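The chain contents come next:
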Amino acid sequence: MNSNYKKIMSKRSEIMKKSVGIDYSVFEYGKISFDYEKMMKETGYTLKEMQAIQGEAGVGNTPLLELRNLTKLARKLAPSGKGARIFIKDEASNPSGSFKARRGVNAVYHAKKLGYKGVIAATSGNYGAAVASQAAMLGLKCIIVQECYDSKGRGQPEIVEKARKCEAYGAEVLQLTVGPELFYIFLKLLDETNYFNASLYTPFGIAGVETLGYELAMQFREKEGKDPDVVVCTNAGGGNLTGTARGLIKANATKTQIVGASVNLKGLHMASDTDFNKKSFTTGHTGFGIPFATWPDRSDVPRSAARPLRYMDRYVLVNQGEVFYMTEALAQIEGLERGPAGNTALAAAFSLAQEMSEDEAIVVQETEYTGAGKHIGAQLSFAIENGCKVFYGDPKDEVVGENIILPSHPSLIKTRDIDLNKLRKSYIKNCMEMNNIGEITKADIQFLIDDCRAGNDRILNILRELKIKII
Amino acid sequence: MIVKKGTWVRVHDIVLTVKERVDNLPKDTQNLPLEMWTKGILLDDAKLGDRAKIRTITGREIYAKLIEVNPYYDHDYGKHVPQLMKIGEQLRILLAGGDLDEL
């Protein structure tokens, strides 16, 4: 082991504290718990403050569009009387082209307020562009660390495009090959520069997304005079879903069902050099969605403010071919060229709408910009170059890394449900293993009830199954 | 090839050798070094392929292998994908009230 690696990793907590400005330990109690709401309240921003900060940066107030042709198509495929109206929040109209601007602006604003000279973010996705764009606006320096290339030096085209975009905003982009040691490079840079850790998972980052949920509720009420029945969020690290759900709650839209949707990448190992370029989605997929739901604190801060299990009513999967088909459909019959990764929730919504009645409404809460590298054409070409077969068929037969099956008929687009109880159990197991303990306190049980969004009996059952003692 | 001081360049470095990598990586990754690329202004004349010092856009100084001069992006919209062509037509026929066999 590299001695510098050991030295940096041993300074982990110290570097974190210095670079985020939050002492997470003050919120912790029991064996595994922490006061989530207190953390959000004391270290985040109020909705009003966030709206003002984002308004000044030109972030937010994105249009809410009704997808009339997709609704018509869904109704044609659904049983009689079914087929909810489908709406989409066009987050691509944010300054850096995605909802991540909402997270980026808060992080950079906070960094500036605390007097940091620059910001660093570890991200291969739209968040890098968001942080870089906001850093340009507020005059801070910016470094983005990406996992970008395989060992043959082949970059995932979407990540290469993100590097270009970050550089266009004046950021330094440091690109790496595949591996979790990206975290070491990230810590080393924080230590070297004394910049702010613009983590995706701080309370202010997540609070930045609350405006999305709030805005969505307000716009929907203005248009329709009621709350949406379902909001679908593309789910990766959980921040999009968490922030949106919190915003909806703040708007008092408490009856709206929150559905998470991820692209199924089952079978690909996220730390595998060979698997790295076999995926056609760099985010919104199960490689992030499942591990972050079952252990949110794996992120780059000690206590993640993104806690999807706390807010999710349902979690569904779609396959790569289904999202590509819907991306093409969005362009061809709705005139919106977006994504593809951001269209994961759209593919899910198209299927879910067919389960709902005609007088209901389902809202897809984001779009993202498209462009060279990101575009469906770039991703499918790259997949074909990597030996992946692309053809029409039934998307449920898709084998990730081997083929991408475009549905031969839109009626074949069908979400698959993930059992939330299994995720809850896995989360509780991780709570024990990561803390290296076999028992918890009574206070921890309430924390688990809140953090898993489950009843007392369900949690007690899981604890019994896992043979966890309560002291 | 000698690259002049002040040129915008791209550098490459091994940040962790195979032996220095963490344990428990998938087998393929475990046998590979962790590599890094970044860009900056060359601080002294240097030969392409040699190690050289650069200053990045944020002002950090890095000593690494000089691999590219005036680096640029060439990612694009991909090649024509014939498999995508039929989706629009299928959807328009369905919307117009027609029924279409599977593609």
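Note that the structure is predicted; figures quoted are calculated from it, not measured.

## Some details on the overall build of chain B
- Across its full length, chain B holds two helices and six strands.
- Reading chain B from its N end, one meets helices and strands in the order β-β-α-β-β-β-β-α.
- Overall size of chain B, expressed as C-alpha extent along the three principal axes, is 70 × 40 × 25 Å.
- Every one of the 103 residues in chain B was classed for burial, and the buried ones make up 26%.
- Considering only contacts in chain B between residues 6 or more positions apart, those separated by 24 or more positions represent 49%.

## Some words on the sheet that holds strand S9 (residues 230–234) of chain A
All names here are of chain A.
- Taken together, the seven strands give an open sheet; going across it, the order is S3-S4-S12-S9-S10-S11-S15, and neighbouring strands pair in mixed fashion. Since the sheet does not close on itself, it has two edges, and those belong to strand S3 (64–66) and strand S15 (416–417), each with one partner.
- Strand direction decides the pairing type here: strand S4 (residues 85–89) and strand S12 (residues 361–364), joined by four bridges, are parallel. Directly across from Arg85, in S12, lies its bridge partner Ala361.
- In this fold helix H11 (residues 239–250) packs onto S9 and strand S10 (257–263), with an angle of close to 155° to the strand it touches most, S9.

## Brief notes about the packing of helix H1 (residues 3–10) of chain A against helix H9 (residues 182–193) of chain A
Residues and elements named next belong to chain A.
- Running from N to C, H1 and H9 point in directions that differ by 70°, and their axes come no closer than 10 Å. Here H1 lies roughly perpendicular to H9, going by the angle between them. Residues Tyr5, Ile8 and Met9 of H1 lie in contact with H9, whose contacting residues are Tyr184, Leu187, Lys188 and Asp191.
- Split by residue class, the contact of H1 with H9 holds five nonpolar, no polar and two charged.

## Looking at the interface of chain A and chain B
- Counting from both sides, the interface comprises 52 residues of chain A and, opposite them, 35 residues of chain B.
- Listed by contribution, the elements that provide at least two residues to the side of chain A that touches chain B are helix H5 (68–77), strand S6 (141–149), helix H8 (157–168), strand S7 (172–177), helix H12 (273–276), helix H14 (320–334), helix H16 (376–385) and strand S13 (389–393) of chain A.
- Counted by class, the side of chain A that touches chain B contains 25 nonpolar, 18 polar and nine charged residues.
- The pairing of S7 of chain A with strand S3 (residues 34–42) of chain B spans two bridges and is classified as antiparallel.

## A short note on the nonpolar core
- Core analysis: the biggest nonpolar cluster contains 159 residues, and Ile86, Val119, Val131, Val145, Val232, Ala349 and Ile362 of chain A have the highest contact counts within it.
- Of all the elements, helix H10 (residues 203–224) of chain A adds the most residues to this core, at nine residues.
- Looking at which domains feed residues into this core, each of domain 1 (53–97 + 204–417) and domain 2 (428–470) of chain A gives three or more.
- By size, the runner-up hydrophobic cluster in this structure holds eight residues, among which are Val9, Leu42, Ala52 and Ile54 of chain B.

## Quick word on the environment of Thr283 of chain A
All names here are of chain A.
- Relative to the assigned elements, Thr283 resides in the loop between H12 and helix H13 (286–294).
- The exposure class of Thr283 is buried, given the 26 C-beta atoms found within 10 Å.
- When the C-alpha atoms of Thr283 and Ser262 are compared, they prove to be 8.7 Å apart, with 21 residues separating the residues in sequence.
- Leaving out residues up to four positions away in the same chain, Thr283 has contacts with Gly125, Ala236, Phe288 and Ala341.

## Some points on the domain arrangement of chain A
Residues and elements named next belong to chain A.
- Domain assignment breaks chain A into domain 1 (53–97 + 204–417) and domain 2 (428–470).
- Centre-to-centre separation of domain 1 and domain 2, based on C-alpha positions: 30 Å.
- If you look at the interface, domain 1 gives seven residues, while domain 2 gives six residues.
- Residue classes in the side of domain 1 that touches domain 2 are distributed as four nonpolar, one polar and two charged.

The rules we used
Residues numbered from 1 in each chain as written. Chains lettered and ligands numbered in written order. Predicted model: local features only at pLDDT ≥ 70, side-chain atom pairs only at ≥ 80, totals over all residues. Helix = DSSP H or I, 4+ residues; strand = E, 2+ residues; numbered from the N terminus. Buried ≥ 20, exposed ≤ 12 C-beta atoms within 10 Å, placed from the backbone. Contact = placed C-beta atoms within 7 Å. Pairing = 2+ DSSP bridges. Axes fitted to C-alpha atoms, helices over the stretch in contact; angles between N-to-C directions. Parallel < 35°, antiparallel > 145°, perpendicular 65-115°, else oblique. Nonpolar A, V, L, I, M, F, W, Y, C, P; charged D, E, K, R; others polar. Core = buried A, V, L, I, M, F, W, Y, C linked by C-beta atoms within 7 Å. Domains from an automatic or database assignment.

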